[in-house]
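The residues making up each chain are set out below.
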Amino acid sequence: MSKILVLYYSSYGHIETLARAIAEGAGQVAGAEVTVKRVPELVPEEVARKSHFKLDQAAPIATVNELVDYDAIIIGTPTRYGRMTAQMANFLDQTGGLWFQDKLVGKVGSVFTSTASQHGGQETTITSTIVNLMHFGMIIVGLPYSEKRLTDISAVSGGTPYGASTIANGDGSRQPSEAELEMAKYQGRHVAEVTAALVRGRG
């Protein structure tokens, strides 16, 4: 049995939708136990409501100390000027104790994201988040080109070899496409397969 956490932050629901697809894909691998949680919101509720944040997300709030309970952690964060959100950064900034004790070394790490535009920082957000995971000593797993939708240019689409992604449009009106959701599922399966192999090898 391998334990996988899909840990996300979502303002408007795009990352929440991708997180569910990631979890669905991971759950298709035998022996994978998948949990979906989110990091706490930092924006005051009044401001969040005025900004039309999606406040009815069902996923429970994660705690920093529980990260040690999982074999793999798949992080989802929208981009903020080409980097992760303050909410996700704040959560990861609280992991100093785990880092100091090497508690995350050898776990599998993976990242997915959402941007407003096609070139709005998908790759920089994912790769800069991966830097955090490498400081933890995690084993990085992306979205390999065996997922052939990565090379399909017949329609505007997210998706990078660093991790799944979606394009939300400036007003948030565009929802993840079928191709983007399938790439997210593929990433989830791939992470779960790699994690299962590692867990078996250590058994």
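Everything quoted here is computed from the prediction, not taken from an experiment.

1. With respect to the overall build of the chain
Okay, step 1: Check the secondary structure of the chain and you find six helices and six strands.
Okay, step 2: Scanning the chain from its N terminus toward the C terminus, one meets helices and strands in the order β-α-β-α-β-α-α-β-α-β-β-α.
Okay, step 3: Dimensions of the chain along its principal axes, counting C-alpha atoms only, are 50 × 40 × 25 Å.
Okay, step 4: For the chain, buried positions account for 47% of its 203 residues.
Okay, step 5: Within the chain, counting contacts between residues at least 6 apart in sequence, those at least 24 apart form 77% of the total.
Okay, step 6: For the chain, the exposed area adds up to about 9600 Å²; of that, 54% sits on carbon and sulfur atoms.
Okay, step 7: In the chain, which carries 18 positive and 20 negative side-chain charges, the distance between the mean positions of the two groups comes to 2 Å.

2. Describing helix H6 (residues 178-202)
Okay, step 1: Between its first and last C-alpha atoms H6 spans 36 Å; for 25 residues at 1.5 Å apiece the expected length is 36 Å, and the two agree.
Okay, step 2: Every buried residue of H6 is listed here: Glu180, Met183, Ala184, Lys185, Gln187, Gly188, Val191, Ala192, Thr195 and Ala196.
Okay, step 3: If you follow the buried residues of H6, they end up packed against strand E1 (2-8), helix H1 (14-27), strand E2 (32-38), strand E3 (72-78), strand E4 (108-115) and strand E6 (165-167).

3. Description of the pattern of salt bridges
Okay, step 1: Under the criterion given, the structure shown has ten salt bridges.
Okay, step 2: Note that Glu16 and Arg20 form a salt bridge whose closest N and O atoms lie 3.5 Å from each other. Within this pair, Glu16 and its partner Arg20 are both found in helix H1, separated by four residues, close to a single helical turn.
Okay, step 3: Among the ionic pairs, Arg174 bridges to Glu180, the shortest N-O distance being 3.1 Å.
Okay, step 4: On the basis of relative accessibility, which here comes to 21%, the residue Arg174 falls in the partly exposed class.
Okay, step 5: Classification of Glu180 by relative accessible area gives buried; the value is 0%.
Okay, step 6: Each of Glu16, Arg20, Lys54 and Asp56 takes part in one network of salt bridges that share partners.

4. Side note on the UniProt feature "binding site: NAD(+)" (unreviewed entry) in the chain
Okay, step 1: In this numbering, the UniProt entry assigns the feature "binding site: NAD(+)" (unreviewed entry) to Tyr12.
Okay, step 2: By secondary structure assignment, the location of Tyr12 is in the loop between E1 and H1.
Okay, step 3: According to the relative accessible area criterion, Tyr12 is partly exposed, its value standing at 44%.
Okay, step 4: Residues in contact with Tyr12, not counting those within four places in the same chain, are Ser51, His52, Phe53 and Lys54.
Okay, step 5: Separated by 3.4 Å, the side chain of Tyr12 and the backbone oxygen of Ser51 make a polar contact.

5. Some remarks on the nonpolar core
General note: in soluble globular proteins, nonpolar side chains tend to be found buried as a group.
Okay, step 1: By size, the foremost hydrophobic cluster in this structure holds 25 residues, and its most contacted members are Ile4, Val6, Ile74 and Phe112.
Okay, step 2: Secondary-structure elements contributing two or more residues to this core are E1, H1, E3, E4 and H6.
Okay, step 3: Here this core gets seven residues from one element, more than from any other, and that element is H1.
Okay, step 4: Apart from the residues within four sequence positions on either side, Val6 is in contact with Ala19, Ile22, Ala23, Val34, Thr35, Val36, Lys37, Ile74 and Phe112.

6. With respect to the UniProt feature "domain: Flavodoxin-like" (unreviewed entry) in the chain
Okay, step 1: Per the UniProt record, the feature "domain: Flavodoxin-like" (unreviewed entry) sits at residues 4-191.
Okay, step 2: Taken end to end, residues 4-191 is 32% helix and 17% strand, and its first and last C-alpha atoms sit 9 Å apart.

7. Thoughts on the side chain of Ser2
Okay, step 1: Mapped onto the secondary structure, Ser2 falls in strand E1.
Okay, step 2: For Ser2, a relative accessible area of 3% gives the class buried.

8. Considering unusual backbone geometry
Okay, step 1: The backbone phi angle of His52 is positive, close to 60°, even though this residue is not glycine.
Okay, step 2: Note that His52 resides in the loop between helix H2 (45-50) and E3.
Okay, step 3: Phi is positive for Tyr81, which is not a glycine, with a value near 55°.
Okay, step 4: The topology assignment puts Tyr81 in the loop between E3 and helix H3 (86-92).

Each value, and the rule that gives it
Residues numbered from 1 in each chain as written. Predicted model: local features only at pLDDT ≥ 70, side-chain atom pairs only at ≥ 80, totals over all residues. Heavy atoms only, no water. Helix = DSSP H or I, 4+ residues; strand = E, 2+ residues; numbered from the N terminus. Buried < 20%, exposed > 50% of the residue type's maximum accessible area, 1.4 Å probe, protein only. Contact = heavy atoms within 4.5 Å. Areas by Shrake-Rupley, 256 points an atom, 1.4 Å probe, with all protein chains shown as cover. Lys, Arg positive; Asp, Glu negative; His and termini not counted. Charge placed at Lys NZ, Arg CZ, Asp CG, Glu CD. Expected span 1.5 Å × (residues − 1). Salt bridge = Lys/Arg side-chain N within 4 Å of Asp/Glu carboxyl O. UniProt positions renumbered as here; feature names shortened; annotations may be inferred. Polar contact = N/O pair within 3.5 Å; in protein donor to acceptor, adjacent residues only side chain to side chain. Core = buried A, V, L, I, M, F, W, Y, C linked by side-chain atoms within 4.5 Å.

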